[in-house]
2 protein chains.
Amino acid sequence: MTSYRPLDAEALRACLGARNTLAARLGGAPADWVLREVSDGNLNTVFLVEGPTGALCCKQSLPHVRVDPDWKMPLDRTDFEARYMRAVSPFVGHLMPEFHAFDAELHLLVMEGLTHHRVLRTALADGTAAAGFSARIGEYVGRTAFHTSWRGRPFEAVMKNVARFARNTTLTRITVDLVLTDPCVPDCPRNRPLSPDLDETVAALQSDSTLRDAVSRLQERFLCCPQALLHGDLHTGSVMVHGDDVRVIDGEFALMGPIGFDCGLYLGNLLLHACARPERREWMQDEIALFWRSLEHLYRDLWDENPQAGDVGALLSPESRRSAQAATLRAIRRDSAGFAGLELIRRTIGYAQVADYALTPDRVAEAEARRRALALGRTLILGATMDEAVEACFQ
Amino acid sequence: MTSYRPLDAEALRACLGARNTLAARLGGAPADWVLREVSDGNLNTVFLVEGPTGALCCKQSLPHVRVDPDWKMPLDRTDFEARYMRAVSPFVGHLMPEFHAFDAELHLLVMEGLTHHRVLRTALADGTAAAGFSARIGEYVGRTAFHTSWRGRPFEAVMKNVARFARNTTLTRITVDLVLTDPCVPDCPRNRPLSPDLDETVAALQSDSTLRDAVSRLQERFLCCPQALLHGDLHTGSVMVHGDDVRVIDGEFALMGPIGFDCGLYLGNLLLHACARPERREWMQDEIALFWRSLEHLYRDLWDENPQAGDVGALLSPESRRSAQAATLRAIRRDSAGFAGLELIRRTIGYAQVADYALTPDRVAEAEARRRALALGRTLILGATMDEAVEACFQ
Ligand SMILES: Nc1ncnc2c1ncn2[C@@H]1O[C@H](COP(=O)(O)OP(=O)(O)OP(=O)(O)O)[C@@H](O)[C@H]1O
Ligand SMILES: Nc1ncnc2c1ncn2[C@@H]1O[C@H](COP(=O)(O)OP(=O)(O)OP(=O)(O)O)[C@@H](O)[C@H]1O
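Remember, it's a predicted structure, so these values are computed and weren't measured experimentally.

(A) The state of the cysteines, seen in detail. All names here are of chain B. A complete count under the given rule lists zero disulfides over all chains for this structure. Cys58 provides the cysteine sulfur closest to Cys15, a residue in no disulfide bond, and the two sulfurs are 7.8 Å apart. Cys57 takes part in no disulfide bond, and the closest cysteine sulfur, belonging to Cys58, lies 6.5 Å away. Under the relative-accessibility criterion, Cys57 is labelled buried at 12%.

(B) A look at the pattern of salt bridges. In the structure shown here, the tally under the stated rule is 54 salt bridges over all chains. The salt bridge partner of B:Arg247 is B:Glu112, with a shortest N-O separation of 3.1 Å. You can see B:Arg247 sitting in strand β11 (residues 245-248) and its partner B:Glu112 sitting in strand β7 (residues 108-112), a full 135 residues away along the chain. In this structure B:Arg247 comes out as buried when scored by relative accessible area, which is 7%. We note a salt bridge from B:Asp197 to B:Arg363, for which the minimum N-O separation is 3.1 Å. Residue B:Asp197 is located in the loop between α7 (169-179) and α8 (199-206), and its partner B:Arg363 is located in helix α13 (residues 363-381); the two are separated by 166 residues in the primary sequence. Taking the relative accessible area as the measure of exposure, B:Arg363 reaches 58% and is therefore exposed. The structure contains a network of salt bridges with shared partners spanning A:Glu156, A:Asp311, B:Arg173, B:Asp177, B:Asp182 and B:Arg190.

(C) Expanded view of the interface of chain A and chain B. The interface is formed by 35 residues belonging to chain A together with 35 residues belonging to chain B. The junction of chain A with chain B conceals about 3200 Å² of combined surface from both sides, 65% of it contributed by carbon and sulfur atoms. The three residues of chain A that bury the most area against chain B are A:Phe155, A:Leu223 and A:Leu315, which together make up 22% of that side's buried surface. Inspection of the region where chain A meets chain B yields six salt bridges. Remark: the boundary between chain A and chain B carries ten residue pairs in polar contact (both at pLDDT 80 or more). Secondary structure elements with two or more residues in the side of chain A that touches chain B: α6 (155-165), α7 (169-179) and α9 (209-223) of chain A. Considered class by class, the residues forming the side of chain A that touches chain B number 19 nonpolar, eight polar and eight charged.

(D) Molecular detail of the UniProt feature "domain: Aminoglycoside phosphotransferase" (unreviewed entry) in chain A. When the UniProt feature table is mapped to this numbering, "domain: Aminoglycoside phosphotransferase" (unreviewed entry) covers residues 35-267 of chain A. For residues 35-267 of chain A, the helix share is 39%, the strand share is 21%, and the end-to-end C-alpha distance is 34 Å.

(E) Here's a closer look at the site of ligand 2. Residue and element names in this part refer to chain B. In the neighbourhood of ligand 2, 20 residues make up the surrounding shell, with Asp40, Asn42, Lys59, Asp250 and Glu252 lying closest. With respect to ligand 2, the backbone of Asn42 contributes an N or O atom lying 2.6 Å from an oxygen atom. Leu43 is positioned with one of its backbone polar atoms (N or O) 3.3 Å from an oxygen atom of ligand 2. Mapped onto the shell around ligand 2, the elements with two or more residues apiece are β2 (45-50), β3 (55-60) and β7. Classifying every residue of the shell around ligand 2 gives eleven nonpolar, four polar and five charged. Inspection of the shell around ligand 2 shows a minimum of three residues originating in each of domain 1 (9-112) and domain 2 (118-393).

(F) View of empty space enclosed by the protein. Evaluation of the coordinates by the stated rule reveals six cavities of 30 Å³ or more. Considered as a void within the structure, the largest cavity measures approximately 230 Å³ in volume. Taken together, 19 residues form the lining of the largest cavity, with A:Val162, A:Pro226, B:Val162, B:Pro226 and B:Met256 sitting closest to its centre. At the level of elements, α6 and β12 (255-257) of chain A together with α6 (155-165), α9 (209-223) and β12 (255-257) of chain B are the ones that each hand at least two residues to the lining of the largest cavity. Approximately 60 Å³ is the volume found for the second largest cavity. A:Ser149, A:Trp150, A:Arg151, A:Gln227, A:Ile259, A:Tyr299, A:Val312, A:Thr328 and B:Glu220 are the residues that line the second largest cavity. Broken down by class, the residue content of the lining of the second largest cavity amounts to four nonpolar, three polar and two charged.

(G) Here's a closer look at the site of ligand 1. All names here are of chain A. Taken together, 20 residues surround ligand 1, and among them Asp40, Asn42, Lys59, Leu114 and Glu252 come closest. Separating an oxygen atom of ligand 1 from a side-chain N or O atom of Asp40 is a distance of 2.6 Å. At 2.8 Å from an oxygen atom of ligand 1 is found a side-chain nitrogen or oxygen belonging to Asn44. For ligand 1, whose accessible area on its own is 620 Å², the fraction buried by protein is 93%. Elements supplying a minimum of two residues to the shell around ligand 1: β2 (45-50), β3 (55-60) and β7 (108-112).

(H) Fine view of the environment of A:Val354. Residue and element names in this part refer to chain A. If you trace the backbone, Val354 turns up in the loop between α12 (318-349) and α13 (363-381). Residue Val354 is classed as buried on the basis of its relative accessible area, which comes to 8%. The spatial distance from the C-alpha of Val354 to the C-alpha of Ala18 is 39 Å, given a sequence separation of 336 residues. What Val354 contacts, discounting residues up to four positions off in sequence, is Arg121, Asn269, Leu272 and Arg347.

(I) Here's a closer look at the packing of aromatic side chains. Applying the stated criterion to the full structure yields 18 aromatic pairs over all chains. Centroid distance B:Trp71 to B:Tyr351: 5.3 Å. Interplanar angle 70 degrees. Geometry classified as edge-to-face. Here the residue B:Trp71 occupies a position in strand β5 (residues 68-72), and B:Tyr351 occupies one in the loop between α12 (318-349) and α13, the gap between them amounting to 280 residues. In this structure B:Trp71 comes out as partly exposed when scored by relative accessible area, which is 25%. Each ring, one from B:Phe291 and one from B:Trp292, has its centre 5.2 Å from the other, and the planes form 75 degrees; the classification is edge-to-face. A relative accessible area of 4% places B:Trp292 in the buried class. What links up through ring pairs into an aromatic cluster is the set A:Phe146, A:Tyr299 and A:Trp303. The ring of A:Phe80 has A:Arg83 sitting right over it, with the charged end atom 4.8 Å from the ring centre.

How each quantity is defined
- Residues numbered from 1 in each chain as written.
- Chains lettered and ligands numbered in written order.
- Predicted model: local features only at pLDDT ≥ 70, side-chain atom pairs only at ≥ 80, totals over all residues.
- Heavy atoms only, no water.
- Disulfide = S-S within 2.5 Å.
- Buried < 20%, exposed > 50% of the residue type's maximum accessible area, 1.4 Å probe, protein only.
- Salt bridge = Lys/Arg side-chain N within 4 Å of Asp/Glu carboxyl O.
- Helix = DSSP H or I, 4+ residues; strand = E, 2+ residues; numbered from the N terminus.
- Contact = heavy atoms within 4.5 Å.
- Buried area = accessible area lost by both parts, 1.4 Å probe.
- Polar contact = N/O pair within 3.5 Å; in protein donor to acceptor, adjacent residues only side chain to side chain.
- Nonpolar A, V, L, I, M, F, W, Y, C, P; charged D, E, K, R; others polar.
- UniProt positions renumbered as here; feature names shortened; annotations may be inferred.
- Near = heavy atom within 4 Å.
- Domains from an automatic or database assignment.
- 1 Å grid on protein atoms, 1.4 Å probe; cavity = no way out; pocket = protein on both sides within 12 Å on 5 of 7 lines; lining within 4 Å.
- Points joined across faces, edges and corners; volume = space filled by probe spheres on them.
- Areas by Shrake-Rupley, 256 points an atom, 1.4 Å probe, with all protein chains shown as cover.
- Phe/Tyr/Trp six-rings, centres within 6.5 Å; stacked < 30°, edge-to-face > 60°.
- Lys NZ or Arg CZ within 6 Å of the ring centre and 35° of its normal.

Below is the structure:
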């Protein structure tokens, strides 16, 4: 342990060199290792380190938002990511990079380096993503959602995660503000200046009191429904793909919450891609269907195989269990639609927008894509199912 | 600080004598103080200490259940009671004894000694309780429920209590088992042998799969709906009265949960009293109505006065706030009915039954009272309102 300082490539090389097990994974001598900064998110510094026999990915928190040094932030975010990886890795296997080490003083997380994988959002943009990746994400959510829930473990084990992740307030505040509030707030200083083409649409959205009421219910659902340990930021930038190998990264927003939040963020990002590239609408709809098929299948199977694993559900007969499964999955879909709606809006007018809009051929098409995303978002928040909303907003 | 040992009266006298502020409250010299053990609950040792100028109540955890030395238990229960008192005292004023001190080594909680008050259950039994006490309990629940909720404070402050009380698992396990599970489990070894008169009723109850399904939903509601900081064991044995002065004691079961749980336990105990003393049914119904009137009034007022105090609700217009209040209060009533039903059953056939049944004149009347409590409990769990259930079960 050393006291905290932001590491540059050479400092990181020395730091890894001093740790035998990590150095052994890379192989060779420190001087042989190739270090590359790959930070492309908003928050942290990330290095990919390649040695003769293996690769590591090293992620370190900074005392501020990486892309905005004036936005100060405590260093504990990688701590929560490390806790999250340790909590879910027993259940998800190779759907996540392997966790290797965490240095609490440096706030440095070391995991398996994925040298051939690409971020899903980028792979979608340049056309290299192989269709079907969503089945793996559905599996990931199904596994984490069951095994970290009141049905999957004795409540004492669940409460450990409740206690642990209730302290992840810095990043949860970002979600509460950016995802769950700002979209409804006229003149919110964090929202980003938009093309004037959308002014009217946005004004209408932000003066819609029925929408606000629904958003208020989603806020409560997010904070007051700790069904399972969530990833908390599961968008297409938090997934890396290589062929049909799919990995979930970047769990620093982890918290206990409604399962539909992880689903909604992910599916909302598929819908955003469909708005930007309307000719891919059917593909994205197929991905959405695959996601649900895989999640629901796994969630039911895990519950059937472990009917007494948790305190909740242990009293049910097999028939009652089946109705409870159906009711639970219906509620997850309902929540997902609402949270997807919020994600569509905040990624279109909020602080952190998506690169997908750059895929539109021109300004007119971009405005059209954004307008569609806003309409979709509104329809979903107001209670439409995902199919109904897509039907209504794509003609 | 000294290392843990169970204190007898003389050890406690010495211990208080060594603490200036506490000794000053009592006045005089330690030899003048009158110590009286008043433990009557199942779990802890409680002493009332009276001096020339004041009185203290001292509560210490034992390494086992007080009434069952074979049932081992960690010492941290008074720690949670102390945390609970500190968390809610700013909101409830004189509805709770004043908190004075907590010694973490001795697990010794020192609070205001209530020398003239009597436990409500006893005061009801001997006819000394003055009607109207439930208005104060409604106020207590209304105040704690609003101010510790996502509507009453920024989510970061609520999450502090989430994190803190998620560690109160020993006592929460007792609630999950004794209140939320055992009533449905045939041959559960913790249930208490009953008069054979009830064998058939109990067998019918415990083989009712619709009831189990409803109980399973209540289990989930209890664990997975942290609306506010609950007392967690709010029965008529956790209330002390003196004239119209009403105090809530014994918050060691505190946890974040659904507001209807506190309401349901309390109201369930009023209904148990009505079962044991049917001629008091109308009085108890009046108390129930008073409870709701006072809780709902306070909860609405506090919310109206602090519309921006929490993250949830801050987006609502005044009209929307009024519908949200109505919906929230409806849901609280719904939960309350279910939890009251569980309390009625577990206090009639479970591990910890109520003294109220000793008020019945003979064995036949007692069996009748218990049968009515079970019927009421079942009706409430299956979804009746409290008025409907009372109507159906008292003829
Ligand atoms: N295990 C890994 N192997 C290879 N590259 C990785 C790995 N983890 C992350 N990366 C790369 O580093 C980039 C940044 O990682 P990550 O998204 O975790 O950082 P972040 O700063 O927390 O982002 P955000 O602001 O979106 O939360 C990723 O987009 C990806 O390109
Ligand atoms: N502040 C007080 N002033 C006077 N007497 C008190 C006070 N607090 C508690 N008592 C007395 O001590 C008794 C036991 O207290 P309490 O119910 O807190 O203990 P417990 O062992 O935790 O009970 P339980 O098993 O019901 O949880 C009460 O029933 C009451 O008679």
